Structures are given as C-alpha cells and as structure tokens.
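The chain contents come next:
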Amino acid sequence: DGDFLQRLGALGYKPEDFDIVINTHLHADHVGWNTIGGGTDWRPTFPNARYVVPERELSHWRSRFAEDAHTLHGAYADSVQPIIDAGQYDPVELPAEILPGLWLEPAPGHTGGMATVRLVGDGGQLVFLADVLHSPIQLATPDLTSNFCVDRAQARATRRRLLDACAETETIVATYHFPPPVFGQIVKSGAGFRLVPVT
C-alpha cells in the first residue's frame, strides 16, 4: 500500500522499465513491493526484472515456509513465493558481482544470509547497508542490536567491520531505517561513529 509506483511514475519510470530488483534479505519490510495485486493474485511488480537474492537467504526462508505457511508474517506467501512461481528469482552465492561494479556482499547477523549492496564507479562508491543499522543510536553504540537480529554477536561483528571499513573514507553509505538524511559518510566519533550527510 502506498504511493511508491506513483512516485516512480512521476520520475518517468514504469515498472516494465526495470530489469533488476535486489532483495538484500527477505524480511517483510524489505520485500513489500516485490509484488502487486491482492488476495491470491499476487504477481511481480516488475515483470521484466530478475530479482537478485542471496542464495542462503532464499534457501533458509523457503525451508521455513515449507513448515509454516505464515512465515515472515505472511510476506513469504505474497511477496516471495510469487517471484519464485514466476521464475524471476536469481539466487546468488555471496559475494557476487551482479553487473559491472554492482556487488552483493555478505553481511550476516540480522539474518543468516543478508547482504549489503556496493556500487563502485568512477566517482567513488556507495554502500547500501540493508539492516546492518536500524537506528542512528547504533552509530554511537555499535554493540546495540535489534531484537530482530537472529545472531546478535554476528550482527555486532558485521556492523563493526562495515563501519570501520567505511569510516574516514570517501565511501557514501545509504541507511534503510534512518530518518532523513539517509545518505552520508561515516566518521569516527569517540568510541563510536556518526553519519555526516551528503547531498
């Protein structure tokens, strides 16, 4: 529900124009626009796209769905299974270069198979952090975990590794769950970090 497709349309894009969709992991709040429709008629929102997903992530939730039809609060049934049925999922082993300069890289902890997305070009690099971070407070307190993380120790280690790697570099990061601004550079701040917004 929402105006996502209308906003894409206002930018001049139709769902048919997209040829790749990336699922960093398969939690309900990250797959909601995989499909459109309703009831039993869920179909891919982006009919010409391959939906790239970490193979380990898809295998895990596929097994869970076989045991429990309400897996992922029902999101597997309406937002993941229809992509499988349409033959549009492209599961990849991590790390994987999806297109030249576009990488899916392992970031386990929040889920066992979660990935970040790294885009490398002539102008630098951008890292989409998926759910490595949920709140700005985790920058100041990197050991703080979400209650949705399946392996808290691994989530902490992944977060520390990525924050250390990005800190004091030209890397731009994109956070999923922060309030705006969500694009910035990571800098060290005391025992933690902070996000310096970029425009």
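Refer to the structure above for everything that follows.
Just so it is clear, the structure is predicted and the values come from calculations on it, not from any experiment. (Residues numbered from 1 in each chain as written. Predicted model: local features only at pLDDT ≥ 70, side-chain atom pairs only at ≥ 80, totals over all residues. Heavy atoms only, no water.)

### Side note on the sheet that holds strand β10 (residues 172–174)
If you trace the 7 strands from one edge of the open sheet to the other, you get β6-β7-β8-β9-β10-β11-β12, paired in mixed fashion. Single-partner strands in this sheet number two, and they are β6 (96–99) and β12 (192–197). Ignoring which end each strand starts from, the neighbouring axes of this sheet average 35° apart. Pairing between β6 and strand β7 (residues 102–106): 3 bridges, direction antiparallel. The residue of β7 that forms the bridge with A96 is L104. (Pairing = 2+ DSSP bridges. Helix = DSSP H or I, 4+ residues; strand = E, 2+ residues; numbered from the N terminus. Axes fitted to C-alpha atoms, helices over the stretch in contact; angles between N-to-C directions.)

### Describing the pairing of strand β11 (residues 183–189)
For β10 and β11, the ladder comprises 2 bridges, and the chain directions are antiparallel. Looking at β11, one finds that A174 is bridged to F183. Relative to β12, β11 is paired through 6 bridges, and the arrangement is antiparallel. Across the sheet, V187 pairs through a bridge with R194, a residue of β12.

### With respect to the pattern of salt bridges
All told, the structure shown has 6 salt bridges when counted by the stated rule. Across the pair D3 and R7 runs a salt bridge whose closest N-O atoms are separated by 3.0 Å. Given the relative accessible area of 43%, D3 is considered partly exposed. One salt bridge connects D17 with K14, and the closest N-O pair in it is separated by 3.6 Å. Overall, the relative accessible area of 40% leaves D17 in the partly exposed class. (Salt bridge = Lys/Arg side-chain N within 4 Å of Asp/Glu carboxyl O. Buried < 20%, exposed > 50% of the residue type's maximum accessible area, 1.4 Å probe, protein only.)

### Concerning helix α6 (residues 152–166)
Under the 1.5 Å per step criterion, the end-to-end length of α6 is 21 Å for 15 residues, consistent within 8% with the ideal 21 Å. Taken residue by residue, α6 has A155, T158, R159, L162, L163 and C166 as its buried positions. The arc that holds every buried residue of α6, seen down its axis, measures 120°, which confines them to one face. Close packing links the buried residues of α6 with β8 (115–121), α5 (137–140), β10, β11 and β12. In this structure D151 caps α6, since a side-chain oxygen of it lies 3.3 Å from the backbone nitrogen of A153. Trailing α6 by a residue or two, E168 shows a phi angle of about 60°, which is positive. (Expected span 1.5 Å × (residues − 1). Arc of directions from axis to C-beta. Contact = heavy atoms within 4.5 Å. Polar contact = N/O pair within 3.5 Å; in protein donor to acceptor, adjacent residues only side chain to side chain.)

### Some remarks on helix α4 (residues 75–85)
Helical geometry note: an α-helix holds 3.6 residues per turn, so side chains three or four residues apart project in the same direction. Among the residues of α4, A75, Y76, S79, V80, P82 and I83 are the ones counted as buried. Taken together, the buried residues of α4 touch α2 (28–31), β2 (35–36), β3 (43–44), β4 (50–54), α3 (55–67) and β5 (89–92).

Nothing here speaks to function; it is all geometry.
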